[in-house]
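One letter stands for each residue in the lines below.
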Amino acid sequence: MGILRLSHVEIRVPDLELATAYYAEVVGMYETAREPDRVFLKCWDEHQHHSVILRFEPTYGLNHMGWKVQFHEDLDTYTDQLTNAGFKVTRFAHGEIGPGHGESIRFAMPSGHMMELVYGMDQVGNLLPLTNPPPKPLNLIGFAPPRLDHIFITCEDVGLNTRFLQDVLGFHLTEQILGDDGFQIATWLEHSHTSHDIALVTGQDGGLHHFAYWVDDWTAIRDVADVLAYHGVHIEKNPTRHGATRGHCLYFFDPAGNRNEAFTGGYYVDPEEPPVTWTEAEMGRAIFYFDGVVNQDFLTVHS
Ligand SMILES: [Fe+2]
């Protein structure tokens, strides 16, 4: 029981039509609902109603991140754990805060990031039949990731927020970058037995570094770059590999300035496995294993 995986992100965009065009035609997500100031989208292999919500606001950044819980009673269990730890929790009924949305609770991390746990999101089906399906639809557009994968946020006190995720929400620490002073510069944590579902790096509270789409393999990372280049989307970091998580990746921006990643690889972990530690001297290799360095632009925070 408990948190299964990242469910959705709600991000701010100052031009709803431009952002929707990018997420629908370049990324290749599918619009499932629309309100005057919000557009709801899902990836082709996702069954739940939405995984990305675009909200019209005159800036960019993260409004909240949602996590899927397995059972309805998980909402009560986490409410108790959060309340006992001194956090204020607000509960919402099914559909109360958006079309297709499940029953949920919301609270703020110590860093101010709004988190939501959701149960019972409407299931609208992926784009395949449930009997004798082909491996993927043949009419996909954009780079068409099958699903959302993880989120990377910034906060002033990585250690404090990492302990919150571990102690109150039961996340498991998989990797960390430790500063020479012993403080955590960055951490990676999971609930889904993968290398990470969320990561934290030192920066301003409430910031979004990026959210990532899963793609199937290293060749698919190349194909994402093909699509982005064709559409004239700026690729911040060409296909490469992380040291931390061992993942393959590339980075780019939506028209609003929200950083996106396409990610694959990594590894499976059991909850009792100890974390991998990277030293401050090897931080560059932890982030970009081949380069061995990470430039300051990549550490730019977006809130
Ligand atoms: Fe990432």
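As the structure is a prediction and not an experimental result, all values here were calculated from the model.

Moving on, we get to the coordination of the iron ion. Taken together, His150 (NE2), His210 (NE2) and Glu261 (OE) make up the protein donors of the iron ion, found 2.0 to 2.1 Å from the metal. Coordination of the iron ion draws on donor residues from a single chain, spaced H-x59-H-x50-E in sequence. Remark: Glu261 occurs in strand β16 (residues 259–264) and His150 occurs in strand β9 (residues 147–155); sequence separation between them is 111 residues.

For the rest of this paragraph, the subject is the domain arrangement of the protein chain. What the domain assignment reports for the protein chain is domain 1 (3–119) and domain 2 (147–299). Inter-centroid distance (C-alpha atoms) of domain 1 to domain 2 is 20 Å. Each side of the interface is counted separately: domain 1 has 37 residues, and domain 2 has 37 residues. Together, the buried faces of domain 1 and domain 2 total about 2900 Å²; carbon and sulfur atoms form 75% of this surface. In this structure, the connection of domain 1 to domain 2 is made through 0 salt bridges. The tally of links between domain 1 and domain 2 comes to 12 residue pairs in polar contact (both at pLDDT 80 or more). Listed by contribution, the elements that provide at least two residues to the side of domain 1 that touches domain 2 are β1 (3–13), α1 (16–27), β5 (61–69) and α2 (72–84). The element best represented in the side of domain 1 that touches domain 2 is β1, accounting for 9 residues. A per-class count over the side of domain 1 that touches domain 2 returns 27 nonpolar, 7 polar and 3 charged.

Our focus in this paragraph is the state of the cysteines. A full pass over the atoms with the stated rule returns 0 disulfides. The closest cysteine sulfur to the non-disulfide-bonded Cys43 is located on Cys249, 18 Å from its own sulfur.

The next subject is the pairing of β1. Every regular strand shows the same layout, with side chains that alternate between the two sheet faces. Buried residues dominate β1, accounting for 9 of its 11 residues. As defined by bridge partners, β1 adjoins β5 across 8 bridges and the pair is classed as antiparallel. Of the residues in β5, the one forming a bridge with Leu6 is Trp67. Across 5 bridges, β1 lies against strand β4 (residues 52–56) in parallel orientation.

With respect to burial, β16 is a largely interior element, 6 of its 6 residues being buried. A two-sided burial pattern is seen for β16, the buried positions comprising Arg259, Glu261 and Phe263 on one face and Asn260, Ala262 and Thr264 on the other. Note: strand β15 (residues 248–253) against β16, 6 bridges, orientation antiparallel. Each bridged residue has a counterpart across the sheet, and for Phe252 the counterpart in β16 is Asn260. Remark: 5 residues form the turn of the hairpin made by β15 and β16, two consecutive strands paired antiparallel; Gly257 in that turn has positive phi of roughly 110°.

Here we come to the side chain of Glu175. Along the polypeptide, Glu175 turns up in strand β10 (residues 172–178). Although Glu175 lies buried, it forms no salt bridge, and the closest oppositely charged side chain, Arg246, sits 5.6 Å away as judged by the N-O distance. Within the structure, the side chain of Glu175 is placed 3.0 Å from the backbone nitrogen of Thr245, a separation counted as a polar contact. Within the structure, the side chain of Glu175 is placed 2.5 Å from the side chain of Tyr267, a separation counted as a polar contact. Those residues in contact with Glu175, other than ones at most four positions away along the chain, are Ala186, Thr187, Trp188, Gly243, Ala244, Thr245, Tyr267, Pro275, Val276 and Trp278.

Rules used throughout
- Residues numbered from 1 in each chain as written.
- Predicted model: local features only at pLDDT ≥ 70, side-chain atom pairs only at ≥ 80, totals over all residues.
- Heavy atoms only, no water.
- Donors = N, O, S within 2.8 Å, 3.2 Å for Na, K, Ca; no water.
- Helix = DSSP H or I, 4+ residues; strand = E, 2+ residues; numbered from the N terminus.
- Domains from an automatic or database assignment.
- Contact = heavy atoms within 4.5 Å.
- Buried area = accessible area lost by both parts, 1.4 Å probe.
- Salt bridge = Lys/Arg side-chain N within 4 Å of Asp/Glu carboxyl O.
- Polar contact = N/O pair within 3.5 Å; in protein donor to acceptor, adjacent residues only side chain to side chain.
- Nonpolar A, V, L, I, M, F, W, Y, C, P; charged D, E, K, R; others polar.
- Disulfide = S-S within 2.5 Å.
- Buried < 20%, exposed > 50% of the residue type's maximum accessible area, 1.4 Å probe, protein only.
- Pairing = 2+ DSSP bridges.
- Lys, Arg positive; Asp, Glu negative; His and termini not counted.

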